[in-house]
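Topology and contacts: notes
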Amino acid sequence: MTRNNSERARQEYYERLRPNDLAPLWEVMSSLVTPEPASACRPAIWHYEQIRGQVHEAGTLITAKEAERRVLILENPGLVGQSRITTSLYAGLQLILPGEVAPAHRHTQSALRFVVEGNGAYTAVEGEKTLMHEGDFVITPSWAWHDHGNDSDEPMVWLDGLDIPITALFDASFAQPLGEDVQPLSRPLGDSNARYGAGLLPVDVEQRPTSPVFSYPYERTREALALLARTSEWDPCHGVRMKYVNPTTGGYAIPTMATFMQLLPAGFSGDTYRSTDATVFSVVEGAGHIELPEETFRWGKRDTFVVPSWCPYRLVAEDESTLFSFSDRAVQEKLGFWRETREAEG
Ligand code: GTQ
């Protein structure tokens, strides 16, 4: 058979396979089982200065209650229309104005909140309120009732990170409204931090998949990093990078999303790093840039940027900087997928 004839015969065969719900692996093998990650996700940055106006404009067009959650999705330019910032994770900027409530609901998706702008709004989780301040990291565990409100006199914007695409991959999404704007409170402010977050645990505590410390205030994180920055060796790629921990297991604070805070000293010039967990960064303090294979992004306070899986990058800080970050590393480690490489400069 000539090449054309055999190609025609194959195509004709493939068409006859389709009604039987069959497809030839050899036509798609190389795109399914790639020698390295081949992500559609692209590096991207959202400069807060540039988008802040549009985030706040949403507040003039729809209330938090009407929207249920008034959020602008940070959509990866390589994944348009998919509501994803990486292949496996969702991110958005949520706005809540003074006097507003975002009504109580629950869902199987886990959520993290990272406060970008404002002070004094709250999230209530499982009967306990926590007040939020810039740089705080707050958790909503899977299937926990949660509502948000703002009794302060300034707007608040936080970065939402949810495992929506992971939940969707497993077709495991459930969600319910409580039917009330705010959930009844059963524990005082600070209860979970006293019980689980003070270097103590109740003696008979059981392991929990999600950290019962649902608020990690920036003030404490910053103080720890400042001390460590003076006393410990810098990681050549990450500066001083710490992970948020679930004290009942020693694992990541959220079972699906690893969360980190790192400090880069003024003048830090990192080694090149890559890992299989596409990572979302939120800048708390400082300014610098990130070098990527095809571009360099300048970043500053409140900016959000994303690095895809296996994409080499290098962090440079002009001022002393702190970066919050999150990724699906928690899942990848459990599944045995996670890998990294480091390259020293020169
Ligand atoms: O605050 O519960 O950005 O349910 C997306 C879905 C936030 C939330 C989001 C949500 C929430």
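Quick look at the structure, then. (Residues numbered from 1 in each chain as written. Predicted model: local features only at pLDDT ≥ 70, side-chain atom pairs only at ≥ 80, totals over all residues. Heavy atoms only, no water.)

What follows concerns the overall build of the protein chain. Of the regular secondary structure elements, the protein chain holds eight helices and 22 strands. Scaling as 2.2 N^0.38, a compact globule of 346 residues should have a C-alpha radius of gyration of about 20 Å, and the protein chain matches this with 22 Å. In the protein chain, which comprises 346 residues, the proportion classed as buried is 49%. Relative to all contacts within the protein chain whose residues are 6 or more apart in sequence, the contacts with residues 24 or more apart total 75%. With the model as given, the accessible surface of the protein chain reaches about 17,200 Å², and the carbon-plus-sulfur share is 53%. (Helix = DSSP H or I, 4+ residues; strand = E, 2+ residues; numbered from the N terminus. Rg over C-alpha atoms; globule rule 2.2 N^0.38 Å. Buried < 20%, exposed > 50% of the residue type's maximum accessible area, 1.4 Å probe, protein only. Contact = heavy atoms within 4.5 Å. Areas by Shrake-Rupley, 256 points an atom, 1.4 Å probe, with all protein chains shown as cover.)

Taken together, the six strands give an open sheet; going across it, the order is β1-β19-β16-β21-β14-β13, and neighbouring strands pair in antiparallel fashion. In this open sheet, the two edge strands, each paired with only one partner strand, are β1 (44-46) and β13 (240-243). Averaged over all adjacent pairs, the angle separating strand axes in this sheet is 20°, with direction ignored. Relative to strand β19 (residues 304-307), strand β16 (residues 279-285) is paired through four bridges, and the arrangement is antiparallel. Paired with Phe281 across the strands is Phe305, a residue of β19. The strands touched by helix α7 (residues 218-231) are β13, β14 (258-264), β16 and β21 (321-327); relative to β14, the strand with the most contacts, the crossing angle is about 50°. (Pairing = 2+ DSSP bridges. Axes fitted to C-alpha atoms, helices over the stretch in contact; angles between N-to-C directions.)

With that settled, consider the pairing of β21. By the criterion of burial, β21 is predominantly enclosed, with seven of the seven residues buried. Pairing analysis gives seven bridges linking β14 to β21, with the strands arranged antiparallel. Residue Leu263 lies in a different strand from β21, and its bridge partner there is Thr322. Both β16 and β21 contribute to a ladder of six bridges, which runs antiparallel. Bridge pairing links Phe281 to Ser325 in β21.

A few words on the pairing of strand β10 (residues 156-162). When you tally the buried positions in β10, you get seven out of seven residues, the bulk of the element. Burial along β10 is two-sided: the face carrying Met156, Trp158, Asp160 and Leu162 and the face carrying Val157, Leu159 and Gly161 are both buried.

The immediate surroundings of the ligand are formed by Arg69, Val71, Tyr90, Gln94, His105, His107, Arg113, His146, His148, Asp160 and Leu162. A distance of 2.9 Å separates an oxygen atom of the ligand from a polar atom in the side chain of Arg69. Interatomic distance of 2.8 Å between a side-chain N/O atom of His105 and an oxygen atom of the ligand. Relative to its free-state accessible area of 290 Å², the ligand is covered by the protein chains to the extent of 88%. Elements with a minimum of two residues in the shell around the ligand: β3 (90-96), β4 (101-107), β9 (146-150) and β10. (Near = heavy atom within 4 Å. Polar contact = N/O pair within 3.5 Å; in protein donor to acceptor, adjacent residues only side chain to side chain.)

The next thing to look at is the sheet that holds strand β20 (residues 314-317). The three strands are arranged β18-β17-β20 in an open sheet whose pairing can be described as antiparallel. At either margin of the open sheet sits one strand with a lone partner, and together these are β18 (296-300) and β20. Put simply, the sheet's adjacent strands are angled 20° from each other on average, direction ignored. By the bridge criterion, five bridges tie strand β17 (residues 287-291) to β18 in an arrangement that is antiparallel. When the bridges of β18 are listed, Gly288 appears paired with Trp299.

Core analysis: the biggest nonpolar cluster contains 48 residues, and Ile85, Leu93, Phe137, Leu159, Met261, Phe324 and Phe326 have the highest contact counts within it. For Leu159, the contacting residues outside a window of four places in its chain are Leu74, Ala91, Gly92, Leu93, Leu112, Arg113, Phe114, Val116, Ser282, Thr304 and Phe326. Counting 19 residues, the second-largest nonpolar core is a separate cluster that includes Phe268, Ile290, Leu292 and Phe305. (Core = buried A, V, L, I, M, F, W, Y, C linked by side-chain atoms within 4.5 Å.)

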